[in-house]
Amino acid sequence: MLETLFNGVFDDNVTSVITVEKFLLCLGIALALGILMALTYLFRSRYTKSFLVTLALLPAVVCIVIMLVNGNVGTGVAVAGAFSLVRFRSVPGSAKEICMLFLAMGAGLITGMGYLGFAVLFTIILCGMFLLYNHLDFGVKKRRQVYRTLTITIPEDLHYGDVFDDIFARYTRSHELIRVKTHNMGSMFRLTYQITLRDGALEKELIDQLRCRNGNLEISISNQELASSEL
């Protein structure tokens with residue numbers, strides 16, 4: 001009675017049926033691999049609870065789908081079509097999040113095909129490489145010190161077209177005016193530049209020179225925002 005409970009209503013003598021023991025074994029391995037990937041992502045990464053839960057359960061979901069397809073071409077095409085209709089209704093993720101989602105799907109796919117040893121080996125190696133690459137800096141901190149967003153407030157009678165060009169020529173490799181906005185009831189302009197400093201240590205000296213030119217009005221400098229173009 002217990003065996004017939006897990007049989008499909010459309011199964012016949014030709015169709016191979018997955019046993020309950022094999023199903024639970026593959027499912028347990030997939031859940032363990034998902035938890036391992038979630039714990040790996042915790043290391044030096046910003047995360048949300050919903051993303052960690054998704055990462056932990058995704059291998060098991062893919063594993064079950066692949067097991068139930070079980071070589072049936074028609075079912076496989078239908079599943080592929082169903083997956084193509086799935087839309088993520090949250091904000092776009094970072095490259096790191098998308099990478100981990102693909103790793104989780106890969107682990108679930110291998111587990112669902114029954115190659116449990118390969119699935120474990122795949123997860124351990126890829127999680128190890130993820131931790132290694134996440135630990136390496138790849139020169140990002142050094143580049144972040146020279147790529148800046150500069151905001152300068154100037155009075156309305158100061159022509160902003162080339163007023164700071166000589167200062168930028170001394171302290172920056174490149175500069176681009178990306179936004180001009182009126183400020184304080186139109187009596188001032190707020191200019192936003194994307195600049196590349198020649199030397200990050202000269203940042204304060206650059207600000208001092210700009211203060212002398214804009215009448216000591218407000219100046220702000222920050223890291224360039226890269227999240228929107230990360231992937």
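Whatever comes next refers back to the structure up there.
This is a predicted model, so every value here is computed, not measured. (Residues numbered from 1 in each chain as written. Predicted model: local features only at pLDDT ≥ 70, side-chain atom pairs only at ≥ 80, totals over all residues. Heavy atoms only, no water.)

## Quick look at the sheet that holds strand S4 (residues 219-223)
The strands making up a sheet associate through backbone hydrogen bonding, with each pair oriented either parallel or antiparallel.
Here comes step 1: Read from one edge to the other, the open sheet built from four strands follows the order S2-S3-S1-S4, with strand pairing classed as antiparallel. With partners counted over all chains shown, the strands left at the sheet margins are strand S2 (172-183) and S4, one partner each. On average, adjacent strands in this sheet sit at an angle of 20 degrees to one another, irrespective of strand direction.
Here comes step 2: Judged from the nine bridges that link them, strand S1 (residues 147-155) and strand S3 (residues 188-197) form a sheet pairing that is antiparallel. In the strand pairing of S3, Thr-151 is matched with Thr-192.
Here comes step 3: This element, helix H9 (residues 203-213), spans S1, S3 and S4 of the sheet and lies at about 150 degrees to S4. (Pairing = 2+ DSSP bridges. Helix = DSSP H or I, 4+ residues; strand = E, 2+ residues; numbered from the N terminus. Axes fitted to C-alpha atoms, helices over the stretch in contact; angles between N-to-C directions. Contact = heavy atoms within 4.5 Å.)

## Points about the pattern of salt bridges
Here comes step 1: A complete count under the given rule lists five salt bridges for this structure.
Here comes step 2: When the shortest N-O distance is used, the salt bridge between Lys-204 and Asp-208 registers 3.0 Å. One end of the pair, Lys-204, and the other, Asp-208, are both in helix H9, four residues apart, so they sit about a helical turn from each other.
Here comes step 3: Look at Asp-208 and you get partly exposed, because its relative accessible area is 25%.
Here comes step 4: In this structure, the salt-bridge partner of Arg-211 is Asp-208, at a minimum N-O distance of 3.2 Å. Of the two residues, Arg-211 and Asp-208 are both situated in helix H9; the distance of three residues between them amounts to about one turn of the helix.
Here comes step 5: Judged by its relative accessible area of 36%, Arg-211 is partly exposed.
Here comes step 6: Connected via shared salt-bridge partners are Lys-204, Asp-208 and Arg-211. (Salt bridge = Lys/Arg side-chain N within 4 Å of Asp/Glu carboxyl O. Buried < 20%, exposed > 50% of the residue type's maximum accessible area, 1.4 Å probe, protein only.)

## Here's the deal with the nonpolar core
Here comes step 1: Within the largest apolar cluster, 18 residues are counted, with the highest numbers of intra-cluster contacts made by Met-37, Tyr-41, Phe-51, Leu-55 and Met-100.
Here comes step 2: Those elements giving two or more residues to this core turn out to be helix H2 (20-42), helix H3 (49-69), helix H5 (95-112) and helix H6 (116-135).
Here comes step 3: The element that contributes the greatest number of residues to this core is H3, accounting for six residues.
Here comes step 4: Ignoring anything within four residues of it in the chain, the contact list for Leu-55 reads Gly-34, Met-37, Ala-38, Tyr-41, Met-100, Leu-101 and Ala-104.
Here comes step 5: With 17 residues, the next largest nonpolar core counts Val-146, Leu-191, Ile-195 and Leu-210 among its residues. (Core = buried A, V, L, I, M, F, W, Y, C linked by side-chain atoms within 4.5 Å.)

## Quick notes on a nonpolar patch on the surface
Here comes step 1: On the surface, Leu-109, Met-113, Tyr-115, Phe-118, Leu-121, Ile-125, Met-129, Leu-132, Tyr-133 and Leu-136 cluster together to form a nonpolar patch covering roughly 980 Å² of accessible area.
Here comes step 2: Within the fold, Met-113 resides in the loop between H5 and H6. (Patch = residues over 30% accessible without salt bridge, like charges linked within 9 Å, V, L, I, M, F, W, Y side chains within 5 Å. Areas by Shrake-Rupley, 256 points an atom, 1.4 Å probe, with all protein chains shown as cover.)

## With respect to the packing of H3 against H5
Here comes step 1: With their axes 7 Å apart at the nearest point, H3 and H5 run at an angle of 30 degrees to one another. Between H3 and H5, the angle falls in the class roughly parallel. When you trace H3 past H5, the crossing you get is right-handed. Seen from H3, the contacting residues are Phe-51, Thr-54, Leu-55, Leu-58, Pro-59, Val-62, Cys-63, Ile-66 and Met-67; seen from H5, they are Glu-97, Met-100, Leu-101, Ala-104, Met-105, Gly-108, Leu-109, Thr-111 and Gly-112.
Here comes step 2: Partitioned by chemical class, the residues of the contact of H3 with H5 number 13 nonpolar, four polar and one charged. (Parallel < 35°, antiparallel > 145°, perpendicular 65-115°, else oblique. Left-handed = near helix turned anticlockwise from the far one by under 90°. Nonpolar A, V, L, I, M, F, W, Y, C, P; charged D, E, K, R; others polar.)

## A word on H2
In an α-helix, one full turn covers 3.6 residues, which means residues spaced three or four apart are oriented alike.
Here comes step 1: In this model, H2 (23 residues) spans 33 Å end to end at C-alpha, consistent with the 33 Å of a helix rising 1.5 Å per residue.
Here comes step 2: Residues of H2 that are buried: Cys-26, Leu-27, Ala-30, Leu-33, Gly-34, Met-37, Ala-38, Thr-40 and Tyr-41.
Here comes step 3: Elements in contact with the buried residues of H2: H3, H5 and H6.
Here comes step 4: After H2 finishes, the residue Arg-44 shows a positive phi value of roughly 55 degrees. (Expected span 1.5 Å × (residues − 1).)

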